[in-house]
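# Structural description and commentary
For reference, the chains in residue letters:
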Amino acid sequence: MSAPRTSKVLYGGDYNPEQWPAEVWDADYAAFELARIDTLTLGVFTWSLLQPDEETYDFTALDAAVQRAVAEDRQIVLATATGAMPPWLGKNYPDANRTDFEGRRHVYGQRHNHCPSSPAFRRLATALADRIAERYAGTPGLVAWHVGNEYGGPDGSCYCENCAAGYREWLAERYGSLEALNEAWNTTFWSHRYTAWDQIEVPSALSEHWRGPNHTAFQGHTLDFRRFMSEALLRNFRDEKERIRAHDSGTPVTTNFMGTFRPIDYHRWSEHLDFATWDNYPPGRDKHVRMAFTHDLMRGLKDGEPFWVMEQTPTITASRDVNPVKRPGVLGLWSWQGIAHGADAMLYFQMRAARGACEKYHGAVLDHAGRTDSRPFREVARLGEELEQLGDAVIGARTPAKVALIVDWDNWWATEITDGFNRHVSYLATVLGYYDAVWQAGAQADVVPMTADLTGYDVVLAPQLHLLKGDIAERLHAVAERGGTVLTSFWAGRVDESTNAYLMDAPGPLAPTFGIRVEEIDSAEPGETNPVTMDLEAGPVDSDASLVMELIVPTGAETIGTYGADFYAGTPAVTRNTVGKGHAWYIGAGLEATGLRAVLLQVFGRHGLVGPYADVVDLEHAVRERQTGGRTERVHFLLHHGDREVQVPAHVDATDLLTGAAVRAGEPLTLDPTDVLVLLEV
Amino acid sequence: MSAPRTSKVLYGGDYNPEQWPAEVWDADYAAFELARIDTLTLGVFTWSLLQPDEETYDFTALDAAVQRAVAEDRQIVLATATGAMPPWLGKNYPDANRTDFEGRRHVYGQRHNHCPSSPAFRRLATALADRIAERYAGTPGLVAWHVGNEYGGPDGSCYCENCAAGYREWLAERYGSLEALNEAWNTTFWSHRYTAWDQIEVPSALSEHWRGPNHTAFQGHTLDFRRFMSEALLRNFRDEKERIRAHDSGTPVTTNFMGTFRPIDYHRWSEHLDFATWDNYPPGRDKHVRMAFTHDLMRGLKDGEPFWVMEQTPTITASRDVNPVKRPGVLGLWSWQGIAHGADAMLYFQMRAARGACEKYHGAVLDHAGRTDSRPFREVARLGEELEQLGDAVIGARTPAKVALIVDWDNWWATEITDGFNRHVSYLATVLGYYDAVWQAGAQADVVPMTADLTGYDVVLAPQLHLLKGDIAERLHAVAERGGTVLTSFWAGRVDESTNAYLMDAPGPLAPTFGIRVEEIDSAEPGETNPVTMDLEAGPVDSDASLVMELIVPTGAETIGTYGADFYAGTPAVTRNTVGKGHAWYIGAGLEATGLRAVLLQVFGRHGLVGPYADVVDLEHAVRERQTGGRTERVHFLLHHGDREVQVPAHVDATDLLTGAAVRAGEPLTLDPTDVLVLLEV
Amino acid sequence: MSAPRTSKVLYGGDYNPEQWPAEVWDADYAAFELARIDTLTLGVFTWSLLQPDEETYDFTALDAAVQRAVAEDRQIVLATATGAMPPWLGKNYPDANRTDFEGRRHVYGQRHNHCPSSPAFRRLATALADRIAERYAGTPGLVAWHVGNEYGGPDGSCYCENCAAGYREWLAERYGSLEALNEAWNTTFWSHRYTAWDQIEVPSALSEHWRGPNHTAFQGHTLDFRRFMSEALLRNFRDEKERIRAHDSGTPVTTNFMGTFRPIDYHRWSEHLDFATWDNYPPGRDKHVRMAFTHDLMRGLKDGEPFWVMEQTPTITASRDVNPVKRPGVLGLWSWQGIAHGADAMLYFQMRAARGACEKYHGAVLDHAGRTDSRPFREVARLGEELEQLGDAVIGARTPAKVALIVDWDNWWATEITDGFNRHVSYLATVLGYYDAVWQAGAQADVVPMTADLTGYDVVLAPQLHLLKGDIAERLHAVAERGGTVLTSFWAGRVDESTNAYLMDAPGPLAPTFGIRVEEIDSAEPGETNPVTMDLEAGPVDSDASLVMELIVPTGAETIGTYGADFYAGTPAVTRNTVGKGHAWYIGAGLEATGLRAVLLQVFGRHGLVGPYADVVDLEHAVRERQTGGRTERVHFLLHHGDREVQVPAHVDATDLLTGAAVRAGEPLTLDPTDVLVLLEV
């Protein structure tokens, strides 16, 4: 099952009419009309209303909300309401609350923070999902089921006795014997050989950790606990989904992910969702490349199928230290970026600003005064109009990517909990660095798991591929053999799935492909750099390495870049090996953007994958295509993230889907800041 | 009842003779003579001496100290000795120790840290106060009772089960029903509807909070808990005061406050104190404006009645990371500043440096060698001489202020626990910013609660008046109507007492007065600025806005200042509305000092409230006045905080009370750094 | 008993064959041959292997390791295997795990973290040591017993009920009565008079502390707890040593210290070790002076007897945030530095890199590929060759020092837990500052405890001698009287062993010697400075004071240096008193390096102690000497820490022990960076 094949990009979002009296509902729907809002997510935080105590269910409030939405002919995304527990549950079942990394049992409060192993939570959440599915299956306009909410937040872990017991069972199943576990975790080190299962404690601040979750005595132990915890939360999702399926076999079921959320391995969850959705609240500044990456990561969860943006804010994200408004035009630009990268729905949190509590200043379609003439509302309404204009032009369309970027949660976890490297290296920063070079080159890319089928790609980027799983070494080799290009970087090929080192030269099983041996790993303080000079086809390129500098001995590869300083000046920092008809690049240094972009431009050039506007800074070009009646329909998105007008030639003949205008290849296109063009290639 | 009407400014402070053998007492009193020390605070930390176990009281040590003070003809401030518990109490009654924000029950240690809800503490502290009051009521020279000590320190909160139970009772009384509480806290948000009182947990790191006390899921919940906790501690004070009153109906009762101490709402305490006192340990540098503010805040607790400085240090404050000595002259200058702002007593902690423990290097009148020829002692003695010279000239006199600055603990709490704004804004920094502009203009000002009678003021400043209580909107409007000037700033008029948003245009109920509508609130990172140009009567003024920039739509007000940058360049940042005969200013931006000073100079100029030395940087002018036999006696203080000599003309005919010299208006007055003039207007 | 008198500097280190299959052992020994590795430390982390449960001992693994080492003719350092507990111990005896400063009982994990007071740990560790000693006493090649491992890490403290009970017993023994304890801790302050022993809580975050271990209400209490905890851990060591002695009366027993490790008072431990050893993992950059200091501190533990470096890394230390490799030549340079300062063994952690867990990237003689042609291995092998070349030339030789630098754990603790000073002052930074000046001057120095015999020294440096013990004042005076030079600095002579202030002018009992009175202590923020000009024999020297500026009144001393700024400009910052035939210097300011070096050059010049290469930056000269057959054999080490070639004249006739070449005094010696010369004076 995949995302619903709708007649247009769905538009709307979280709606909580239960917080408001009836007269407000009328004003709400009047505003929805103005803004072309067609889809409402209902019920997310209603558990305490629907079940005031363990014995009593009362669906009055949700019935009313659903009935009104049906009457108003809206499409409905219906929540199972289990994202936030009711007070009585936390009070009556203390073990439904999490025990934190410091070993403290919490009491009732906040949301998204149940213990995944709590028998009471599991029983009661499943029962609620069952009743809701039974009651609302078949509701007209019901397009999807929304289970829980943002699973895992805030930190995705519980360290209670129930979780410890579950962890031990999970370990027993994974390893079969203590002997195998002792081997996997290398417990002979530091006298940790376990002789009974119940000796295994959860790895926390009270046992194997110091300084926080990234400093552990046993990487294998901590990594396994992360895997277990991700699966324990998944089991909660699956429990509820099973009850939905008991009553409704046809409506897709999903939950909203949080993009680059480290605690949960979304790759291990994805097969259990019918389609992917995520909540887009980009942190920091200069967010457009990061958002592009995250859209692609989410699209990669379901092999490139369209996904939904389940939440975004019309203006302010309330939870930051500093909460600026979205600048004019940015809402539209970023929404279109999501669609360009594969989103078939663009939804908000939320329709109307809550009166009280911590999100009352979070952006909403309607503010506390309910104004429909404010700048934010006008931008929401403008986008609604444009989406209506777009119609179904891209629904179901996919990204025609020949580049794959491998992202892997095991590597994310493993590299950040490892001693001896450089604690200032962030896995996400590394992969974002490579993605940035892809984005700058305008190559269409997929962000995929390590297990993905790589046969369709010309280029496979696998930076920081520290931990190897399955036959990844063979599959990367095959890509190169058949003429493709593969690339990895520092710390690659060091450990197996248990984080035990390969007892051979690094990069271990990858060494034959990359034609090198890494003899030492040097690390530098933030701010220190070592110049790297590369001899590329376009000429010499000077860049800087920071944080990591590996000392490389080529065993077949040619040296492309060399260090300029320190005792290893003149030795290789970047190498390329020829494998069959293809290439295998190794970037042994923490190469900065200039260097990465230069390398990838050459790589993409070799495969004809450089985008048409690669030389226009901040102008993004993204493509979606689908087969319709044996014909390929291809839609090009031009998204201008810069702050000055640019003029570029059209690169195809096309129809502008928002204006209806015809565009001829070569004709000048002018884009002001935040401008978007949606061009159907003709 | 008010502060004792003494014959001079009292001089002395905390004295702990119980820590010393008898021969030291003789040296002490000899030094007191040298320094004209006339007042001693006795008994503050004697509980463990007076009551070695629950059954035994032994007043030997305190009897001796009191008898000697009486014999030496000193005035006595007598403590109830409950500021620090004895070890046996913490050991025998674990619940007398606090449970902290992290949920950890503490054990015995430190001081000022009892649980306010502990039945054992309440019973035993009250019993001790009762016995002390009974024994020492009527002691010759007894000028005041000193209950507890610095209530609330260090963080003013306990999160134990007794406090939770007390909190639930307090809530039941406040709201009457769970329905009303659910409404007040907007619990439908995040599925928090309570269906039984015992489901309510204290808001802590284990329930509704993350990242610390300022990040809560439910602002109303956390705000109510702060109110409850402030009242729970007040109940401890009231318990003891009641016992004192049972034995002594005439001597004023007080406790020492800590100035700008966020955890306790001193405005809600003040009616229960007979007069206000506080401990002046200014943090950081350039402290004189902040101290002036805090003196005025403390004076405002009792409607402008004189207060006491209960503690200050002769030289080093021991508890900072860096503990510099007070520079020469500063002790006198700062002491005179306190008197200029309304203090009728100037007391030290402490008379003799403790031999051991954490305050042994805290400044004291007598150091470990007991020297009376050291620089600090000489400065103490010089001030003693001057106070003797001053006599009763200002006792009971008040500040003739026509400017009111509203400070409100509910707003302090509410704005700092709210998401969606800017976490870098500090309520105290905002009000200090406005106070600084008042101080620079030399206007005499009161710092008052939101409930204060505003009818006597020409100007009422109410910056950051986010949360509105009672009829404040009407009363501000009335000030303007009758010709006064009112002012508020960003975030004003947003929420009611429960922190639920007003469902109308901001600034809510204040909007008619200020003649504007705020459409959006933008926030900026620290260090980022947006230029604001104001068109003032004195000409255009360029300033900068930082942290907060509101987007304002005038609905009647005129635009005084506009933003210079970003997408709202050219739109209003500062407005003024004409209301009846007066004005209502709205400062929508985080305006920096230059801008605030320019605005307030114009405002004060309109009302003739600019001080005579407003153009002399760092020269403070403060006035106290009283009616004596139908005549107004007015004393002017000139306090030179700068580091270079200044010469200014006298602005009135006067007698210099410290030299006896006559001063004629217009005559040049020369002040060296730290110089003080005390001029009785003639 | 002292360190074993071996035939050469021992070379090797920690070896964990139990982690590897038999074929790896063959490769290991082949590599040991290549690198001349002659000594193996066995068994450190084998407890869980040797005792899989409480009832079962199984020495198979250790037997095999020992037998192979014997067969290979290696010398053996045998561990008692109690450095890391087995899982069953932590699980079955929860009290064997520590309770931390926050009051949290930990569960099993990590290592070096047993509760020293746990009856189960004490019983089981002692039993294991007993069995190991019984089994392996008399093993051929056994050169030393290694008890536990790095006692105290990570923070050296447990706060459980068993420790609390032990603390109370220790206090009762120390003080005899509560009256004496109340006096020592000055408990009358803050109402802390104890009336029963069980009222005393351990000083932790839950009792007397705030902001962490350095902020305590009662310094005496916290200081005593540190003393108790150091002794409680020592008792664990002594328990095991006693069992070893029951089976082996002749082999020296030691444990590995951690150099400048604050939690444990190594001076109070040293008499119980037969010889000192330490693990050299220098933090930060520019480590050579700090390492020199630490070697001297460790040598000072046993009155100057040779010590061992029990661990160092061939390349990477894995536990830092950033883990650079040791630069080429540095391994040799630093190893020789250790030998130059008195080490008779140079051992690594470890022989082969662990396959998994947190130290798998820690440097090792053999990497994961087992390479013997890598740069790190080649440097290890080169050093092995050189040590073989050196033979027994320095075994047992001592440092001929005439300078003593007093370091004292009580002062370290006391000054860093004291309020009222400057929290930015670090005791270690102060003593390292003075040591740096010694090192720059090339004076041979001992780093000694306050109790050391001072009669042999010409110069005694006692910086920051805040807390005085025993007759130190008299002994310092005597050094000066007989013509020597003594020196102390700010904060000196303030408190007794309980940290109660001396009730007299500072520097208390030291005042007669130094001829001054300190009237005030001023403190400054980091980065602020006050210029100090000194009038030295070599001419005027300008330097800066930072952090601390004392206001000094000479009472006999002459003023050498004066402040240049602030209200005490022109007053003394540095003084010198003439005492008998000698001098007593007082450095009242936080004098920076230029100033300290100038003062100490003058001091050492007076006594003829300036080294031959004091004017050559980064060239270290260290001497070891011994009596052999009535003759003094003197070996000079020249160690070049700089990064450019230097040329210096030989200062004695000598034989180069590494090349066999003859060297004539005056002949030019050329040293490249990292070069080392070992010259036997002839």
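Residues numbered from 1 in each chain as written. Chains lettered and ligands numbered in written order. Predicted model: local features only at pLDDT ≥ 70, side-chain atom pairs only at ≥ 80, totals over all residues. Heavy atoms only, no water.

We now examine the overall build of chain A. Within chain A, the secondary structure is distributed over 17 helices and 27 strands. The principal-axis extents of the C-alpha atoms in chain A amount to approximately 75 × 75 × 45 Å. Counting every position in chain A, which comprises 682 residues, the buried fraction comes to 68%. Excluding contacts between residues fewer than 6 apart, the proportion of contacts in chain A whose partners are at least 24 apart in sequence is 73%. A total of about 21,400 Å² of accessible surface is found on chain A, and carbon and sulfur atoms cover 48% of it. (Helix = DSSP H or I, 4+ residues; strand = E, 2+ residues; numbered from the N terminus. Buried < 20%, exposed > 50% of the residue type's maximum accessible area, 1.4 Å probe, protein only. Contact = heavy atoms within 4.5 Å. Areas by Shrake-Rupley, 256 points an atom, 1.4 Å probe, with all protein chains shown as cover.)

A few words now on the UniProt feature "domain: Beta-galactosidase C-terminal" (unreviewed entry) in chain A. The positions UniProt marks with the feature "domain: Beta-galactosidase C-terminal" (unreviewed entry) are residues 630-680 of chain A. Secondary structure within residues 630-680 of chain A divides into 0% helix and 55% strand; the distance between the first and last C-alpha atoms comes to 17 Å. (UniProt positions renumbered as here; feature names shortened; annotations may be inferred.)

Where interface size is given, it is often the accessible area lost as the parts come together that is meant. Across the contact, 50 residues belong to chain B and 58 residues belong to chain C. Here chain B meets chain C over a buried area of about 4,700 Å², counting both sides, of which 52% is carbon and sulfur. Contact with chain C buries surface across chain B, with B:Gln110, B:Arg355 and B:Tyr361 losing the most and accounting together for 16% of the total. Inspection of the region where chain B meets chain C yields seven salt bridges. Between B:Asp321 and C:Arg211 there is a salt bridge; the shortest N-O distance is 3.0 Å. The tally of links between chain B and chain C comes to 30 residue pairs in polar contact (both at pLDDT 80 or more). Of all the elements in the fold, those that place two or more residues in the side of chain B that touches chain C are α2 (47-50), α4 (87-92) and α12 (375-390) of chain B. Split into classes, the residues belonging to the side of chain B that touches chain C amount to 24 nonpolar, twelve polar and 14 charged. (Buried area = accessible area lost by both parts, 1.4 Å probe. Salt bridge = Lys/Arg side-chain N within 4 Å of Asp/Glu carboxyl O. Polar contact = N/O pair within 3.5 Å; in protein donor to acceptor, adjacent residues only side chain to side chain. Nonpolar A, V, L, I, M, F, W, Y, C, P; charged D, E, K, R; others polar.)

We now examine the packing of helix α1 (residues 22-35) of chain B against helix α3 (residues 60-71) of chain B. Residues and elements named next belong to chain B. Closest axis-to-axis distance for the α1/α3 pair is 12 Å, and the angle between their directions is 35°. Classified by chirality, the crossing of α3 by α1 is right-handed. On the side of α1, the interface is formed by Trp 25, Asp 26 and Tyr 29, while α3 contributes Ala 64, Ala 65, Arg 68 and Ala 69. Its residues placed into classes, the contact of α1 with α3 shows five nonpolar, no polar and two charged. (Axes fitted to C-alpha atoms, helices over the stretch in contact; angles between N-to-C directions. Left-handed = near helix turned anticlockwise from the far one by under 90°.)

Here we take up the interface of chain A and chain C. Taken residue by residue, the interface counts 58 residues in chain A and 50 residues in chain C. Where chain A abuts chain C, roughly 4,700 Å² becomes buried across the two surfaces, and 52% of that area is made up of carbon and sulfur atoms. Per-residue buried area on chain A facing chain C is highest for A:Trp190, A:Ser191 and A:Leu206; these three make up 15% of the total on that side. Viewed at the interface, chain C and chain A are joined by seven salt bridges. A salt bridge links C:Arg371 to A:Asp505; its shortest N-O distance comes to 2.6 Å. Viewed at the interface, chain C and chain A are joined by 30 residue pairs in polar contact (both at pLDDT 80 or more). For the side of chain A that touches chain C, the element with the most residues is strand β14 (residues 516-523) of chain A, which contributes six residues.

This paragraph deals with the sheet that holds strand β25 (residues 662-663) of chain C. Each strand in a sheet pairs with another by means of backbone hydrogen bonds, the pair being arranged parallel or else antiparallel. Residues and elements named next belong to chain C. If you walk across this open sheet you meet the five strands as β21-β22-β27-β24-β25, and the pairing is antiparallel. Looking along the sheet, the strands with just one partner apiece sit at the ends: β21 (619-628) and β25. Pairing of β21 with strand β22 (residues 631-640) involves ten bridges; the strand directions are antiparallel. Opposite Arg 626, over in β22, you have Glu 633 as the bridge partner. (Pairing = 2+ DSSP bridges.)

Time to look at the domain arrangement of chain A. Domains assigned within chain A are domain 1 (161-223), domain 2 (403-606) and domain 3 (619-681). Here the C-alpha centre of domain 3 of chain A lies 34 Å away from the C-alpha centre of domain 2 of chain A. (Domains from an automatic or database assignment.)

The next thing to look at is the UniProt feature "binding site: substrate" (unreviewed entry) in chain A. Look at the UniProt record and you will see "binding site: substrate" (unreviewed entry) annotated at A:Arg111 and A:Asn149. These residues run over 39 residues, yet every pair of their C-alpha atoms falls within 9.1 Å of each other. Sequence-distant contacts of A:Arg111, that is, excluding residues within four places in its chain, are made with A:Phe45, A:Gly83, A:Ala84, A:Asn149, A:Glu150, A:Gly153, A:Glu359 and B:Trp190. A:Asn149 sits in the buried class, given a relative accessible area of 4%. Setting aside residues up to four positions removed in sequence, A:Asn149 forms contacts with A:Val44, A:Phe45, A:Gly83, A:Arg111, A:His112, A:Thr255, A:Asn256 and A:Glu311.

Here we come to unusual backbone geometry. Residue and element names in this part refer to chain A. Cis geometry is found at the peptide bond from Phe 349 to Gln 350, where omega equals 10°. Looking at the secondary structure, you find Gln 350 in the loop between β9 (343-348) and α12 (375-390). The backbone of Trp 190 shows a phi angle near 55°, a positive value even though the residue is not glycine. Considering the arrangement of structural elements, one finds Trp 190 in the loop between α7 (178-185) and α8 (219-247). Overall, the relative accessible area of 4% leaves Trp 190 in the buried class.

What follows deals with the relation of the copies chain A and chain C. Superposition of chain A onto chain C requires a rotation of 120° combined with a translation of 0.1 Å along the rotation axis, giving an RMSD of 0.0 Å. Such a combination of rotation and displacement between the chain copies is what one expects of a three-fold axis. Residue A:Arg104, judged by its C-alpha, is the member of chain A lying nearest the rotation axis, at 5.4 Å. (Least-squares fit on C-alpha atoms with pLDDT ≥ 70 in both.)

Turning our attention to the environment of C:Pro324. Looking at the secondary structure, you find C:Pro324 in the loop between β8 (307-311) and α11 (330-340). Taking relative accessible area as the criterion, C:Pro324 reaches 36% and is therefore assigned partly exposed. Sequence-distant contacts of C:Pro324, that is, excluding residues within four places in its chain, are made with A:Asp522, A:Ser523, C:Thr315 and C:Ile316.

Let us look at the pairing of strand β1 (residues 10-15) of chain C. All names here are of chain C. Burial analysis of β1 places six of its six residues in the buried class, the great majority of the element. Relative to strand β9 (residues 343-348), β1 is paired through four bridges, and the arrangement is parallel. Residue pairing for β9: Gly 13 is matched across the bridge by Tyr 348. Where β1 lies against strand β2 (residues 39-42), four bridges are found, and the strand directions are parallel. What sits directly across from Tyr 15, in β2, is Leu 42.

Moving on, we get to the pairing of β21(C). Most of β21(C) is tucked away, with eight of its ten residues classed as buried. Between the end of β21(C) and the start of β22(C), which pair antiparallel, lie two residues, with C:Gly629 showing a positive phi angle near 55°.

Okay, the sheet that holds strand β22 (residues 631-640) of chain B next. All names here are of chain B. Strand order in the open sheet formed by five strands is β21-β22-β27-β24-β25, and the pairing between neighbours is antiparallel. The sheet terminates laterally at β21 (619-628) and β25 (662-663), the two strands that pair on one side only. Note: strand β24 (residues 654-656) against β25, two bridges, orientation antiparallel. Across the sheet, Ala 654 pairs through a bridge with Val 663, a residue of β25.

With respect to the helices, strands and loops of the structure, B:Thr559 is situated in strand β17 (residues 558-563). Once the C-alpha coordinates of B:Thr559 and B:Leu638 are considered, the two residues, 79 residues apart in sequence, prove to be 38 Å apart.

This part covers the pattern of salt bridges. The full count for this structure, using the stated rule, is 145 salt bridges over all chains. Of the charged contacts, one joins B:Arg104 and B:Asp100 as a salt bridge, the two residues approaching to 2.9 Å between their closest N and O atoms. On the basis of relative accessibility, which here comes to 21%, the residue B:Arg104 falls in the partly exposed class. Between C:Asp296 and C:Arg299 there is a salt bridge, with the nearest N and O atoms lying 2.7 Å from each other. Of the two residues, C:Asp296 and C:Arg299 are both situated in helix α10 (residues 288-299); the distance of three residues between them amounts to about one turn of the helix. Of the two residues, C:Asp296 and C:Arg299, both sit in the buried class. In the salt-bridge network here, residues are joined through shared partners; they are A:Arg174, A:Asp224, A:Arg227, A:Asp265, A:Arg268, A:Asp408, A:Asp410 and A:Lys469.

On to the side chain of B:Thr277, then. Residues and elements named next belong to chain B. Along the chain, Thr 277 falls in strand β7 (residues 277-279). Within the structure, the side chain of Thr 277 is placed 2.9 Å from the backbone oxygen of Thr 255, a separation counted as a polar contact. Non-local contacts of Thr 277, meaning those with residues more than four positions away in its chain, are made with Thr 254, Thr 255, Asn 256, Phe 257, Trp 308 and Met 310.

Next up on the list: α7(A). All names here are of chain A. Along α7, the positions that sit buried rather than exposed are Leu 178, Leu 181, Asn 182, Ala 184 and Trp 185. For α7, the buried positions fall inside an angular range of 165° around the axis, keeping them on one side. In this structure, the buried side of α7 is in contact with α6 (161-175) and α8. (Arc of directions from axis to C-beta.)

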